[in-house]
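Commentary on secondary and tertiary structure
What follows is the residue order along each chain.
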Amino acid sequence: MDEFVFYIKQGINHITDWKGLDHMLFIITLCAVYKLSQWRNILVLITAFTLGHSITLALTSLNVIQVNRRLVETLIPITILLTAMFNVFKPQKSNSLVSLNYLMALSFGLIHGMGFSSFFKSMMMGLSDNIIFPLLAFNIGIEIGQLMIVVVFVLIMALITGFFKVRHREWMLFISGAGAGMAVGMVVKVLAE
Amino acid sequence: MMLLRYAVVFFVLALLTFKANAHPIKMTTSKLSYDKKTNELTLTINFFEDDFSAHLEKLYHRRNIDFATVDDIESSMVAGYVAKKMLVKANKKTIAFQLGSIKRVEENVVQVKFSVPVSDVKIKSLEISNALLFDAFAEQVNTMHLDLPGATINVLQFIPSDSFKVIKVNF
């Protein structure tokens, strides 16, 4: 049981880690287009992201697929940048764009899952006999951390748009603009290393 | 159009202000195991090769350490560094591990193996201090897997503010 809790904590810490904002920034940017009243959409969106990253986390950790770590590190901030650009430049009212959002969450989730697996595999490095149990716990930890990020983000959004009367589109542009700026900084840093 | 300017302004501000990082993985992963048949305690440590070689080169003023072809001096450097930064004590006495091998086990991962025969004295607890690469990176985290008789825990984590653990064993 201690081991299970250990890996759950690792999952939570990994996604909520302030020293590595990439996954957190993606979730925030992804959710920025939705209002509080659209919490069901956020839930479905996050489920799509979860589905995507769980698939590649498992496949990569179990060595079914091999990925280039540097390429994944470069692609992750690019997913943030593309999501931010999509938020800003998409037409405001179109139902088909809702499903496009989910498709984006799912496919970008595949890339983030490879990033999660880099960390998970570093913890194991072939030195643990059992990988399934820790992998399950680590993924549960990521889901918990992800939900924590969404809840905090939605509460801050509710405060800013409800209490301070900031228009939702302004809020979304702020998050998307800042997210894109930070993502470009990450890409430059990865490429410069 | 006016609103779009917000996004551009925040973009530039964020780009200039935040030194956002993708996830840095600064970690060593090790395993401490006991083989009842050979009565040996084995310590296996996996380092990220780029981090470890850069740190050793800096510490020992040496150039281009290649773990595929380590010489005696480099082996001594590795053994010396590990002995200084990782201590395992049994019954209050430091265990003197002997270096067995240094080899590259996968891309950018170098594995260092130590072992030591266990004396007949019963060991009831182990004190483990693991500060590997804490002197190199502030965000360094060290994970240690345990395969020891009587141990109630099988994975430990060491961080710079918590680099010492005591575990109960029975062998």
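Residues numbered from 1 in each chain as written. Chains lettered and ligands numbered in written order. Predicted model: local features only at pLDDT ≥ 70, side-chain atom pairs only at ≥ 80, totals over all residues. Heavy atoms only, no water.

Moving on: the overall build of chain A. Helix and strand counts for chain A stand at seven helices and zero strands. From first element to last, N terminus to C terminus, chain A shows the α and β order α-α-α-α-α-α-α. Considered along the principal axes of its C-alpha atoms, chain A spans approximately 55 × 40 × 30 Å. In chain A, which comprises 193 residues, the proportion classed as buried is 54%. Contacts in chain A between residues at least 24 apart in sequence constitute 81% of all its contacts with a sequence separation of at least 6. Working note: accessible area of chain A is about 8900 Å², and carbon and sulfur atoms make up 71% of it. Taken together, the 13 basic and 9 acidic charged side chains of chain A have centroids lying 16 Å from each other. (Helix = DSSP H or I, 4+ residues; strand = E, 2+ residues; numbered from the N terminus. Buried < 20%, exposed > 50% of the residue type's maximum accessible area, 1.4 Å probe, protein only. Contact = heavy atoms within 4.5 Å. Areas by Shrake-Rupley, 256 points an atom, 1.4 Å probe, with all protein chains shown as cover. Lys, Arg positive; Asp, Glu negative; His and termini not counted. Charge placed at Lys NZ, Arg CZ, Asp CG, Glu CD.)

All names here are of chain A. Taking 1.5 Å as the rise per residue, helix α4 (residues 69-89) with 21 residues should run 30 Å; its terminal C-alpha atoms sit 30 Å apart, in good agreement. For α4, every residue scored as buried is listed here: Val-72, Thr-74, Ile-76, Pro-77, Thr-79, Ile-80, Leu-81, Thr-83, Ala-84, Phe-86, Asn-87 and Val-88. Of the residues that open α4, the one with a side-chain oxygen 2.9 Å from the backbone nitrogen of Arg-70 is Asn-68. (Expected span 1.5 Å × (residues − 1). Polar contact = N/O pair within 3.5 Å; in protein donor to acceptor, adjacent residues only side chain to side chain.)

With that settled, the discussion passes to the interface of chain B and chain A. Counting residues at the interface gives 32 residues for chain B and 38 residues for chain A. Interface area for chain B against chain A, summed over the two sides, is near 3200 Å², with a carbon-plus-sulfur share of 67%. For the pair chain B and chain A, the interface holds zero salt bridges. Counting every contact that joins chain B to chain A gives five residue pairs in polar contact (both at pLDDT 80 or more). Contributing elements (two or more residues each) for the side of chain B that touches chain A: α1 (2-17), β1 (27-35), β2 (40-48), β6 (109-117), β8 (141-147) and β9 (155-158) of chain B. With eight residues, α1(B) is the largest single contributor of residues to the side of chain B that touches chain A. (Buried area = accessible area lost by both parts, 1.4 Å probe. Salt bridge = Lys/Arg side-chain N within 4 Å of Asp/Glu carboxyl O.)

All names here are of chain B. Taken in spatial order, the four strands line up as β4-β3-β7-β10 in an open sheet, and their pairing is antiparallel. The open sheet terminates on both sides in strands that have one partner only, identified here as β4 (93-94) and β10 (164-168). Pairing analysis gives five bridges linking strand β7 (residues 125-130) to β10, with the strands arranged antiparallel. Looking at β10, one finds that Ser-125 is bridged to Lys-168. Sitting on the sheet, helix α3 (residues 72-85) touches β3 (86-90) and β7, and the angle it makes with β3 is about 60°. (Pairing = 2+ DSSP bridges. Axes fitted to C-alpha atoms, helices over the stretch in contact; angles between N-to-C directions.)

Looking now at helix α2 (residues 22-31) of chain A. Along α2(A), 10 of the 10 residues are buried, which leaves the element largely enclosed by surrounding structure. Taken together, the buried positions of α2(A) are occupied by A:Asp22, A:His23, A:Met24, A:Leu25, A:Phe26, A:Ile27, A:Ile28, A:Thr29, A:Leu30 and A:Cys31.

Counting across every chain of the model gives 10 salt bridges over all chains. Between A:Glu170 and A:Arg167 there is a salt bridge, with its nearest N and O atoms 3.2 Å apart. Residue B:Lys165 pairs with B:Asp162 through a salt bridge whose shortest N-O separation is 2.9 Å. The class of B:Asp162 is partly exposed, set by a relative accessible area of 33%. A cluster of three or more residues bridged by salt bridges with shared partners is formed by B:Glu49, B:Asp66 and B:Arg104.

Residues and elements named next belong to chain B. Of all seven residues that make up β8, six are buried, and the element is covered over most of its length. As paired elements, β1 and β8 share seven bridges and run parallel to each other. Bridged to Ser-33 within β8 is Asp-147. With four bridges joining them, β8 and β9 adopt antiparallel strand pairing.

So, about the sheet that holds β6(B). The strands that make up a sheet pair up through hydrogen bonds in the backbone, lying either parallel or antiparallel. Taken together, six strands build an open sheet; the order of strands is β5-β6-β2-β1-β8-β9 (chain B) and the sheet is mixed. Each having just a single partner strand, β5 (98-106) and β9 of chain B make up the two edges of the open sheet. Strand-to-strand twist in this sheet, taken as the mean axis angle between neighbours without regard to direction, amounts to 20°. Helix-sheet contacts for helix α1 (residues 2-15) of chain A involve β8 and β9 of chain B, and the interaxial angle to β9(B) is about 40°.

Residues and elements named next belong to chain A. Mapping Thr-56 onto the fold places it in helix α3 (residues 39-61). Here Thr-56 falls in the buried class, since its relative accessible area comes to 4%. Once residues lying within four places of it in the same chain are set aside, the contact partners of Thr-56 are Ser-61, Ile-65, Gly-109, Leu-110, Gly-113 and Met-114.

Turning our attention to the nonpolar core. Of all hydrophobic cores here, the largest spans 66 residues; its most connected members are A:Tyr7, A:Ile27, A:Phe120, A:Met123 and A:Phe138. Elements that contribute at least two residues to this core include exactly α1, α2, α3, α4, α5 (96-124), α6 (132-163) and α7 (168-192) of chain A. Here the element with the most residues in this core is α5(A); it accounts for 11 residues. If sequence neighbours within four positions are ignored, A:Phe138 has contacts with A:Tyr7, A:Ile8, A:Gln10, A:Gly11, A:His14, A:Leu57, A:Phe116, A:Phe119, A:Phe120 and A:Met123. The next biggest cluster of nonpolar side chains, apart from the first, holds 41 residues, and it includes B:Tyr34, B:Ile102, B:Ile123 and B:Leu156. (Core = buried A, V, L, I, M, F, W, Y, C linked by side-chain atoms within 4.5 Å.)

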